[in-house]
Amino acid sequence: MNRNEEYISLLAELERTPPALEYTVQRAKARTKKSSRLRRCVAAPLSALFAVFLAFMALVNLSPPFALAMSRIPVLKDLAAAVGFSPSLTAAMEHDYVQPIGLEQTDHGVTMRIEHVIVDQKHLNIFYSLHSDVYSYVYVYPMQGVTLSEADGTPLGVGSFTVVTTGTPYTPDGNLQMMPIEFSYVDIPGSLRLACTVADYSDDENPDPPVVASFEFSLDFDPTYTSQGEAVSLEKSFTVDGQNLTVTTVETYPTYLRLNLSYRANAAWLDQIFLYLENEKGERFESKGIWAENHYDTGDVEVQCRLESPFFSESESLTLYVTGVTWLDKKEEPVKIDLVRGIADFLPMGTTVESAIREENGWRLTFSGVKRNATSGYLLFDTDYHDEAGNEYSLGTWEVGDCQDDPERFTVAFSLENYLEDMVYLLPFTAWRVDLENPVEIKVK
Amino acid sequence: MVEAEFTARTEDLKARLYRTALVYLGSEAIALEAVDETVCRGFQALKKLRQPDYFETWMTRILMNVCKKELRHRKRELTVESLPERAVEVFDALPLKEAIRRLPAELKDVVILRYFSGYTLKEAAESLSLPQGTVVTRQRRALALLRLELTEEE
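Please read these numbers as outputs of a predicted model, since none were measured by experiment. (Residues numbered from 1 in each chain as written. Chains lettered and ligands numbered in written order. Predicted model: local features only at pLDDT ≥ 70, side-chain atom pairs only at ≥ 80, totals over all residues. Heavy atoms only, no water.)

Comments concerning the overall build of chain A
Now for step 1: Within chain A, the regular secondary structure consists of eight helices and 25 strands.
Now for step 2: Considering chain A as a whole, with its 445 residues, one finds that 50% of them fall into the buried category.
Now for step 3: Taking the intrachain contacts of chain A between residues at least 6 apart in sequence as the baseline, contacts between residues at least 24 apart amount to 65%.
Now for step 4: For chain A, the computed accessible surface area is about 21100 Å², with 51% contributed by carbon and sulfur atoms. (Helix = DSSP H or I, 4+ residues; strand = E, 2+ residues; numbered from the N terminus. Buried < 20%, exposed > 50% of the residue type's maximum accessible area, 1.4 Å probe, protein only. Contact = heavy atoms within 4.5 Å. Areas by Shrake-Rupley, 256 points an atom, 1.4 Å probe, with all protein chains shown as cover.)

Quick word on the packing of helix α6 (residues 105–115) of chain B against helix α8 (residues 132–146) of chain B
Residues and elements named next belong to chain B.
Now for step 1: Relative to each other, α6 and α8 sit at 90°, their axes nearing to 8 Å. One element, α6, and the other, α8, form an angle in the roughly perpendicular class. Seen from α6, the contacting residues are Glu106, Leu107, Val110, Val111, Arg114 and Tyr115; seen from α8, they are Val135, Arg138, Gln139, Arg141, Ala142, Leu143, Leu145 and Leu146.
Now for step 2: In terms of residue class, the contact of α6 with α8 is made up of nine nonpolar, one polar and four charged. (Axes fitted to C-alpha atoms, helices over the stretch in contact; angles between N-to-C directions. Parallel < 35°, antiparallel > 145°, perpendicular 65-115°, else oblique. Nonpolar A, V, L, I, M, F, W, Y, C, P; charged D, E, K, R; others polar.)

Concerning helix α1 (residues 3–25) of chain B
Residue and element names in this part refer to chain B.
Now for step 1: Look at α1: only 29 Å from first C-alpha to last across 23 residues, short of the 33 Å you get at 1.5 Å a residue.
Now for step 2: Taken as a whole, α1 carries its principal kink of about 45° at Leu13.
Now for step 3: Just downstream of α1, Gly26 is the residue with a positive phi angle, here 80°. (Expected span 1.5 Å × (residues − 1). Bend = angle between axes of the 7 residues up to and from the residue.)

Overview of the sheet that holds strand β20 (residues 362–370) of chain A
All names here are of chain A.
Now for step 1: In spatial order, the strands read β19-β20-β24-β23; together these four strands make up an open sheet with antiparallel pairing. Of all strands in the sheet, those with a lone pairing partner are β19 (352–359) and β23 (398–402), marking the two edges. Put simply, the sheet's adjacent strands are angled 15° from each other on average, direction ignored.
Now for step 2: With seven bridges connecting them, β19 and β20 associate as antiparallel partners. (Pairing = 2+ DSSP bridges.)

Examining the pattern of salt bridges
Now for step 1: Scanning the model with the defined rule gives 21 salt bridges over all chains in all.
Now for step 2: Between Arg284 of chain A and Glu286 of chain A there is a salt bridge, and its shortest N-O distance comes to 3.2 Å.
Now for step 3: Judged by relative accessible area, Arg284 of chain A falls into the partly exposed class, the value being 43%.
Now for step 4: The closest approach of N and O atoms between Lys122 of chain B and Glu126 of chain B, which form a salt bridge, is 2.8 Å. Taken together, the residues Lys122 of chain B and Glu126 of chain B, both in helix α7 (residues 121–128) and four residues apart, mark about one turn of the helix.
Now for step 5: Under the relative-accessibility criterion, Lys122 of chain B is labelled partly exposed at 46%.
Now for step 6: Classification of Glu126 of chain B as partly exposed rests on a relative accessible area of 21%.
Now for step 7: Salt bridges here are not isolated pairs; linked through shared partners, they connect Glu104, Arg113 and Glu115 of chain A. (Salt bridge = Lys/Arg side-chain N within 4 Å of Asp/Glu carboxyl O.)

Structural notes on the sheet that holds strand β7 (residues 176–182) of chain A
All names here are of chain A.
Now for step 1: Taken in spatial order, the five strands make up an open sheet running β1-β2-β3-β7-β6, and their pairing is antiparallel. In this open sheet, the two strands that pair with only one neighbour each are β1 (99–107) and β6 (162–163).
Now for step 2: Of the strand pairs in this sheet, strand β2 (residues 110–119) and strand β3 (residues 123–132) are connected by nine bridges, and their pairing is antiparallel. Across the sheet, the residue bridging to Thr111 is His131, located in β3.

Overview of the packing of aromatic side chains
Residues and elements named next belong to chain A.
Now for step 1: In total, this model carries 16 aromatic pairs over all chains according to the counting rule given.
Now for step 2: When the ring of Tyr393 is compared with that of Tyr419, the centres are 5.0 Å apart and the planes differ by 80°; the resulting orientation is edge-to-face. You can see Tyr393 sitting in strand β22 (residues 392–394) and its partner Tyr419 sitting in the loop between β24 (409–417) and β25 (423–443), a full 26 residues away along the chain.
Now for step 3: What makes Tyr419 buried here is its relative accessible area of 1%.
Now for step 4: Grouped by ring-pair contacts, the aromatic residues Tyr97, Tyr225, Phe311 and Phe312 constitute a single cluster. (Phe/Tyr/Trp six-rings, centres within 6.5 Å; stacked < 30°, edge-to-face > 60°.)

Here's the deal with the packing of α1 of chain B against α6 of chain B
Residue and element names in this part refer to chain B.
Now for step 1: Packing of α1 against α6 brings their axes to within 10 Å, and their N-to-C directions diverge by 140°. The angle between α1 and α6 falls in the class oblique. For the crossing formed where α1 meets α6, the hand is right-handed. Contact residues: α1 offers Thr20, Val23 and Tyr24, while α6 offers Lys108, Asp109, Ile112 and Leu113.
Now for step 2: Here the residues of the contact of α1 with α6 sort into four nonpolar, one polar and two charged. (Left-handed = near helix turned anticlockwise from the far one by under 90°.)

What to know about the side chain of Asp387 of chain A
Residues and elements named next belong to chain A.
Now for step 1: Its location among the elements puts Asp387 in the loop between β21 (381–386) and β22.
Now for step 2: Buried and unpaired, Asp387 has no salt bridge, with Lys336 as the nearest side chain of opposite charge at 12 Å.
Now for step 3: Among the polar contacts made by the side chain of Asp387, one reaches the main-chain amide nitrogen of Asn391 at a distance of 2.9 Å.
Now for step 4: Side chain to side chain, Asp387 and Tyr393 meet in a polar contact 2.9 Å long.
Now for step 5: Beyond its immediate sequence surroundings of up to four residues, Asp387 is in contact with Tyr393, Tyr419, Glu421 and Tyr425. (Lys, Arg positive; Asp, Glu negative; His and termini not counted. Polar contact = N/O pair within 3.5 Å; in protein donor to acceptor, adjacent residues only side chain to side chain.)

Quick notes on the confidence of the model for chain B
Residues and elements named next belong to chain B.
Now for step 1: Taken residue by residue, chain B gives an average pLDDT of 80. The fraction at 70 or more is 82%.
Now for step 2: Within chain B, the lowest mean pLDDT, 61, falls on helix α4 (residues 87–92), and the highest, 89, falls on α1.
Now for step 3: On the interface metric, ipTM, the complex scores 0.82, and its pTM is 0.52. (pLDDT = per-residue confidence, 0-100.)

Quick notes on empty space enclosed by the protein
Residue and element names in this part refer to chain A.
Now for step 1: The full count for this structure, using the stated rule, is two cavities of 30 Å³ or more.
Now for step 2: One number sums up the size of the largest cavity: a volume of about 60 Å³.
Now for step 3: Lining the largest cavity are 11 residues, with Leu130, Val138, Thr171, Pro172 and Asp173 sitting closest to its centre.
Now for step 4: Across the lining of the largest cavity, the residue classes tally to five nonpolar, five polar and one charged. (1 Å grid on protein atoms, 1.4 Å probe; cavity = no way out; pocket = protein on both sides within 12 Å on 5 of 7 lines; lining within 4 Å. Points joined across faces, edges and corners; volume = space filled by probe spheres on them.)

Put into structure tokens, the structure is as follows:
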């Protein structure tokens, strides 16, 4: 496709407008009306908000038990909206799986209030609001502005938790917002200290919003919630595209389900696996993608997939259906990177050099690539690389994260340590997808 | 301008605003939020609009400020002065959508309004508060970087 053809294709893509655009004016008018602190809107993307609104109205009108539960706890109506289109969290709320917190602090003209949490052994959702009469827009920037420690102040280990970005700095004052925190490899402690810094985003011209308030809350979790969860060992193997994979364990928590897989990586690595669970009633619990993985020197790989949770579904049987995979394979032809100028002679489609920064004993490289689904990013290059003379080196660690510039892209950053050359040769990955004509079926329960 | 007129003109304009935001921000959800924010601000500031004839360019200006604010909280944008020596080759290697996003802001504004949002030369110049000649110069430079062979007609 040449450039002009790309242009025509992009124009066609732009002709498609989302259904939520139809009610833009109505939403805008509703937002401009002054609201008391007891009436809150939603921080979720508005296309999802509208879907939640319709779903909520359907539930209230068609489901008397749900309506009764909602009337008993009025504030949970706002909570239902803040949850967004999350079937697991919605189910948790319908079953009163919500712990009230009700803590509030004010610092330098900003008030932060933690209303509720939805918590289980591995996942914490904090529902909070920010209010200020001094600043127009204040925001807790999750990755940089949140720290967690044990009740006695001992910091939690690096990598033991992840704060998921949600909401925007321009959420209207007092709106209920959700802060999901993942505990990938450890259980959530019975108590936590949550420290947040809040920045002022009111000044359009300031690219570095100043921190204006700090808060620290002690959160004590009801063990009724944090003890909930069940792990089942399956050790069931199946073959896809000639590759053997094993479902090792299934962990079911109220807020999501973890499916743990293992395989031996030969020439290709697992990039995505398309699967879902289904119970005897035909209810499906969809995948949320691969959330974590461990690679061992032996070539063994452990992968953790997440799915919506069947915890509240009262399922008598559950079957896992695997419908396809995407593999990542190393290309044989290396990419030459001019480190001084920060450019490559060629790169796979969608991959770009973000930066090449000289460090004391080497280089720090950052690339970006296109996410293959809403949640996954991956290493763009093999961990082995070489210089112009053919000397081989190997990466120690690398960091994968979301591209702040574009939510549909991810970044990969790594250091070439003790590397003083001006050129480097990297081996890029290529991906291919396999869809199964007959899905693999595995009985889970 | 009365509320009824605001509603009617915004209904006609919102798809155009959405396309503009989508090219700027690259995400359907964030583009929708930007349009919502724009319409909300426009509604709140309705009484400040002194020349209703310029309603569309006024709303466009609000939208572009909203988009720029969103982008400002991400990586710093490239400027014309900092374009690399072999800029055309760099941009040529990128998918068109990505190449547009990586343009310097002053070129990106023009190419989005002129070639994706359907603004005439006059409308784009009014929205950006620029002379038409400047818009022509910038669109020519942007098209060259993007290697797009499009007409520069009004």
